[in-house]
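# Per-entry structural report
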2 protein chains.
Amino acid sequence: MAVISKKWLEHFLVVTPPKVRFSSPRSKVRFPGSRRKVHCSSASSKLMEFPYASAPIKKLMLELLSTVDDKLGSSLHPTSTLPSHLQHFANSTDTAHASLHLRSGLPSSQIDLILGGWIHCKLPSGGALNITTLSAYLTSSTDAPHFLLELIQNSPTSLVLILDLMPRKDLILHPKYLKNYYEDTHLDTHRQRLQALPEVRPYYSPSLYIRAVISPTAILVTIDTGASQSKSIEQIIEGDISPIAKDLLHFWLESCACSAREVDASERAYLAERDRVIKNKTIEVDLGSSLPRLFGQEIADGVLDALKECYNK
Amino acid sequence: MAVISKKWLEHFLVVTPPKVRFSSPRSKVRFPGSRRKVHCSSASSKLMEFPYASAPIKKLMLELLSTVDDKLGSSLHPTSTLPSHLQHFANSTDTAHASLHLRSGLPSSQIDLILGGWIHCKLPSGGALNITTLSAYLTSSTDAPHFLLELIQNSPTSLVLILDLMPRKDLILHPKYLKNYYEDTHLDTHRQRLQALPEVRPYYSPSLYIRAVISPTAILVTIDTGASQSKSIEQIIEGDISPIAKDLLHFWLESCACSAREVDASERAYLAERDRVIKNKTIEVDLGSSLPRLFGQEIADGVLDALKECYNK
């Protein structure tokens, strides 16, 4: 989920500290096995409908999820593995909503888990912050890269896009891995194509861990059409981002998720340990940096604990 | 040395293939132990004088080398380890010159080697391409980062800068290393400071290996003052690049080169193997991509072989 800077979030959320915003919850649901409490919505039917996303983002996400379902559906548990109160939750003042949907892979498959989700937060300015995410992790039976997509829209004219196939190995000690997945596949052409647009600038994640975990062909960009005379943000999402995201997902499905590779026992142990760090650290750095500001520390801790539990099963 | 794209080099060198430019060498010197031949200058006294660099780059490089010498001189062999014909060489038409100066660390020190050098190439347009470099590698008795500086000036108003402390470990499996050397030290502020200038844009190395080997706080930028009303390239080198390069070298000398860390035997083996890849791959990707175009394949091969021999001693 969103790796956005504290400063950036504070800029949008401006004033009210979580304690005040959460001081009078309307209803509370306990996290199983903990004393933490969280306000919970019953809108579980809207889990993956992306009700707050802009039309082209919603269209893109539904297409991507449909593709994942067509290709990997039979390899996944049919329902979300997360406790129901995480499938849709909100803060006490109804200014922030979120939905997380996690489907674990069946033991026979190479899929560890697919996590989709969104966060919506009303901004004091009258606008909204919308974060949309899809990540897919493989098991240690393969060393193929994980998939990561994140769209962070903070105004009608600007967007941060993170799109990558995250490497599973140290690329310095494994130059064949770099060649196989990133050089020979010409994945960098996607980034080049997008960064050729005048509205697109590189984005530096405030987290050095995120900069380290991504691949050398990762797309991390800010798109700003505020002063653009030629294209709207919707046109860029539809005409530029969507084809690239679909291409990359298609490549990941064909060449990573559904392509078996020989991995011996020692390599499996290495991959499992590296993945353990990646999954836990990504939650910690990513959701851990934004959820407390949006939902308060108590809800954030509950979400993070439950996610970590699912991740480390 | 310079990791620049083939397209970029071809843009400047335009037409004449190396075979034609090297068809009538004026003098030839054999590489020891090989049948390769290279045209060689006697200007060994000018080794590290950077005769072709612009005044502010020359000033910066001499200051950096003097600092290295003051701090590490007693830990290094007093003279260059490279064969004399590599200390200054040129192509047959005298349009391209280069100088490499390599000082190995004494066995008792943590310094593996310091490599300084420059390449100068006259461009058909009348201008010149000047590459200036300083890299410093540590031995496996420490896991502290290596130092890397490269300045590629291809016109009086533009420059590519690569400045980094290259990590020695996979930062995902070693989060404490990331925290210790890159997060707690706030190294990213240097990059932020430089990229705040309107003349500065991110630079993407055409080599994915180079993008993978650098740290998350690496400075890879293009500086272009062509349309700038406010600053000349010389002012940016003196006022912005030089202080940052000196700061980073100072940090590297104090906290990496001269700071002992406990490294056990298994870790030493890991560092030695990773460094072996880094050193050989960096030569191959970096010099191997530019030298053949500037000096012809024969000279390039000779330089690369001799450097690899010194690197792997």
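Criteria and thresholds
- Residues numbered from 1 in each chain as written.
- Chains lettered and ligands numbered in written order.
- Predicted model: local features only at pLDDT ≥ 70, side-chain atom pairs only at ≥ 80, totals over all residues.
- Heavy atoms only, no water.
- Helix = DSSP H or I, 4+ residues; strand = E, 2+ residues; numbered from the N terminus.
- Buried < 20%, exposed > 50% of the residue type's maximum accessible area, 1.4 Å probe, protein only.
- Contact = heavy atoms within 4.5 Å.
- Least-squares fit on C-alpha atoms with pLDDT ≥ 70 in both.
- Pairing = 2+ DSSP bridges.
- Axes fitted to C-alpha atoms, helices over the stretch in contact; angles between N-to-C directions.
- Phe/Tyr/Trp six-rings, centres within 6.5 Å; stacked < 30°, edge-to-face > 60°.
- Lys NZ or Arg CZ within 6 Å of the ring centre and 35° of its normal.
- Expected span 1.5 Å × (residues − 1).
- Bend = angle between axes of the 7 residues up to and from the residue.

By the naming in an unreviewed UniProt entry, chain A is Red chlorophyll catabolite reductase, taken from Salvia divinorum.

## Things to note about the environment of Ile-57 of chain B
All names here are of chain B. As for its position among the elements, Ile-57 is in helix H3 (residues 55-72). On the basis of relative accessible area, Ile-57 is assigned to the buried category, the value being 3%. Along the primary structure Ile-57 and Leu-151 are separated by 94 residues, whereas in three dimensions their C-alpha atoms are 8.2 Å apart. Look past the residues within four positions of Ile-57 in its chain and what remains in contact with it is Thr-132, Leu-151, Gln-153, Leu-159 and Ile-237.

## Some points on the relation of the copies chain A and chain B
With an RMSD of 0.0 Å, the operation that places chain A on chain B is a rotation of 180° combined with a shift of 0.0 Å along the axis. Here the copies are linked by what is in effect a two-fold axis. Of every C-alpha in chain A, the one belonging to Asp-170 of chain A sits nearest the axis of rotation, 2.8 Å from it. A shared binding surface is used by both copies, with 100% of the interface residues of chain A retained as interface residues in chain B.

## What to know about the pairing of strand E8 (residues 158-166) of chain B
Two faces make up the sheet, and in a regular strand the side chains alternate between them. All names here are of chain B. A large share of E8 lies buried, amounting to 9 of its 9 residues. Here E8 shows two buried faces, one formed by Ser-158, Val-160, Ile-162, Asp-164 and Met-166 and the other by Leu-159, Leu-161, Leu-163 and Leu-165. In this structure, strand E7 (residues 146-155) lies alongside E8, joined through 9 bridges in antiparallel fashion. Bridging across to E8, His-146 finds its partner in Met-166. Counting the residues that bridge the hairpin from E7 to E8 gives 2 residues. Relative to strand E10 (residues 219-224), E8 runs antiparallel, the two sharing 6 bridges. Residue pairing in the sheet places Leu-161 in a bridge with Val-221 of E10.

## Some words on the sheet that holds strand E6 (residues 128-138) of chain A
All names here are of chain A. Pairing is antiparallel across the open sheet formed by 8 strands, whose spatial order is E3-E4-E5-E6-E7-E8-E10-E9. Edge strands, defined here as strands with exactly one partner in the open sheet, are strand E3 (89-90) and strand E9 (200-202). Inspection of the sheet shows strand E4 (residues 96-104) paired to strand E5 (residues 111-122) by 9 bridges, in the antiparallel sense. From the neighbouring strand, Leu-102 faces E5, where its bridge partner is Leu-115. Contacts from helix H8 (residues 233-257) reach E5, E6, strand E7 (146-155), strand E8 (158-166) and strand E10 (219-224) within the one sheet, and its direction differs from that of E8 by about 15°.

## With respect to the packing of aromatic side chains
The final tally for this structure, using the stated rule, is 12 aromatic pairs over all chains. Following the ring pairs from residue to residue traces out a cluster consisting of Tyr-177, Tyr-181 and Tyr-182 of chain A. Geometry around Tyr-204 of chain B places Arg-191 of chain A over its ring, the cationic atom sitting 3.7 Å from the centre. One Lys or Arg, Lys-281 of chain B, reaches over the ring of Tyr-209 of chain B and ends 6.0 Å from the middle of that ring.

## Some remarks on helix H8 (residues 233-257) of chain B
With 25 residues, H8 of chain B extends only 31 Å from end C-alpha to end C-alpha; this falls clearly short of the ideal 36 Å at 1.5 Å per step. Helix geometry: H8 of chain B is bent most strongly at Ile-241 of chain B, by close to 40°, with proline Pro-243 of chain B lying one to four residues after it.

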